[in-house]
Amino acid sequence: MSPGSVTEKLHFFVAEYEDRDRVAAGGGDIAEGEEIETIELPLATALNMITTGIIQDGKTIMLLFYVNQVGLENLRGPQVTA
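Reference entry: report on the structure contained in this document.

Procedures and definitions
Starting from 1, residues in each chain are numbered consecutively following that chain's sequence as written. Residue-level local features of this predicted model are given only where pLDDT is at least 70; pairs of side-chain atoms are given and counted only at 80 or more, and the full residue set underlies all totals for whole chains, interfaces and linings. The side-chain values count all of the structure's non-hydrogen atoms but skip hydrogen atoms and water molecules. Numbering of helices and strands runs from the N terminus, with a helix taken as a DSSP run of H or I at least four residues long and a strand as a DSSP run of E at least two residues long. The cut-offs for exposure are 20% and 50% of the maximum accessible area for each residue type, with area from a 1.4 Å probe on protein chains only; residues under the lower value are buried, those over the upper are exposed, and the others partly exposed. In what follows, residue pairs with any heavy atoms lying within 4.5 Å of each other are defined as contacts. Surface accessibility in these figures is a Shrake-Rupley result with a 1.4 Å probe; residues are shielded only by whichever protein chains are displayed. Residues qualify for a patch when their relative accessible area is over 30% and they have no salt bridge, like charges being joined within 9 Å and the nonpolar side chains of Val, Leu, Ile, Met, Phe, Trp and Tyr within 5 Å. Salt-bridge detection follows one rule: a side-chain nitrogen of Lys or Arg within 4 Å of a carboxyl oxygen of Asp or Glu.

A separate point is the overall build of the protein chain. The helix and strand inventory of the protein chain stands at three helices and zero strands. Counting across all 82 residues of the protein chain, residues that qualify as buried make up 12%. The long-range share in the protein chain, meaning contacts at least 24 apart out of those at least 6 apart in sequence, stands at 29%. Of the roughly 7300 Å² of accessible surface on the protein chain, 55% is carried by carbon and sulfur atoms.

This part takes up the environment of E35. In this structure, E35 sits in the loop between α1 (3-7) and α2 (43-51). Counting along the chain gives 10 residues from E35 to A25, while the straight-line C-alpha distance between them is 9.9 Å.

A word on a nonpolar patch on the surface. A cluster of nonpolar side chains, namely L10, F12 and M62, defines an oily patch on the protein surface of about 250 Å² accessible area. On the secondary structure map, F12 appears in the loop between α1 and α2.

Okay, structure coming up:
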């Protein structure tokens, strides 16, 4: 193990977005040095990709397990009604 991984704190942010929120094809701003590749797929597919070894990044795995445990519908903030 790497010493930094034992004391490292991670913060995950979950947010809804719409197509109009994108500023570039990948979702990032090239002028800001963002080279983001977005992949949208069902949660069950992503979890299977962990099992098959396609997804190997620990942070991604933690977030997907959290979403699976809590439920995507419970990650949304309070709904404002008029």
